[in-house]
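Topology and contacts: notes
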Amino acid sequence: MENIKLIEISTTAFKEENILLVTNLTDKQIIDVIKPIVLMERDTNILRSFYDNDSLYEALCNAYPTNIIHQYSTDNFNTITI
């Protein structure tokens, strides 16, 4: 069975901008893809380089097309009250 986990990725100081993934990727695999994208935006003029959660998700899917990667936001969670 795959080692699937829920991961919250923070790339800004704003918690509402975090990306939530259910994936079998390792932390290293995620960092290897996302870190260069984030650093490029921080090091350049924002007009030349831009990312959002969808583009980070897409980059991970392109880098690891055979892995399990599902993106969620807090809007996707249902609450069951018993």
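Residues numbered from 1 in each chain as written. Predicted model: local features only at pLDDT ≥ 70, side-chain atom pairs only at ≥ 80, totals over all residues. Heavy atoms only, no water.

1. What to know about the pattern of salt bridges
As enumerated under the stated definition, the model contains one salt bridge in all. Here D32 and K28 are joined by a salt bridge, their closest N and O atoms 2.7 Å apart. Taken together, the residues D32 and K28, both in helix α1 (residues 27–43) and four residues apart, mark about one turn of the helix. Its relative accessible area of 42% is what places D32 among the partly exposed residues. Residue class for K28 comes out exposed when judged on its relative accessible area of 57%. (Salt bridge = Lys/Arg side-chain N within 4 Å of Asp/Glu carboxyl O. Helix = DSSP H or I, 4+ residues; strand = E, 2+ residues; numbered from the N terminus. Buried < 20%, exposed > 50% of the residue type's maximum accessible area, 1.4 Å probe, protein only.)

2. Looking at the confidence of the model for the protein
Note that predicted coordinates carrying low pLDDT should not be read in detail. Residues of the protein with pLDDT of at least 70 account for 84%, and the chain-wide mean is 84. The element-level mean pLDDT for the protein is lowest in α1, coming to 89, with helix α2 (residues 53–63) highest at 94. (pLDDT = per-residue confidence, 0-100.)

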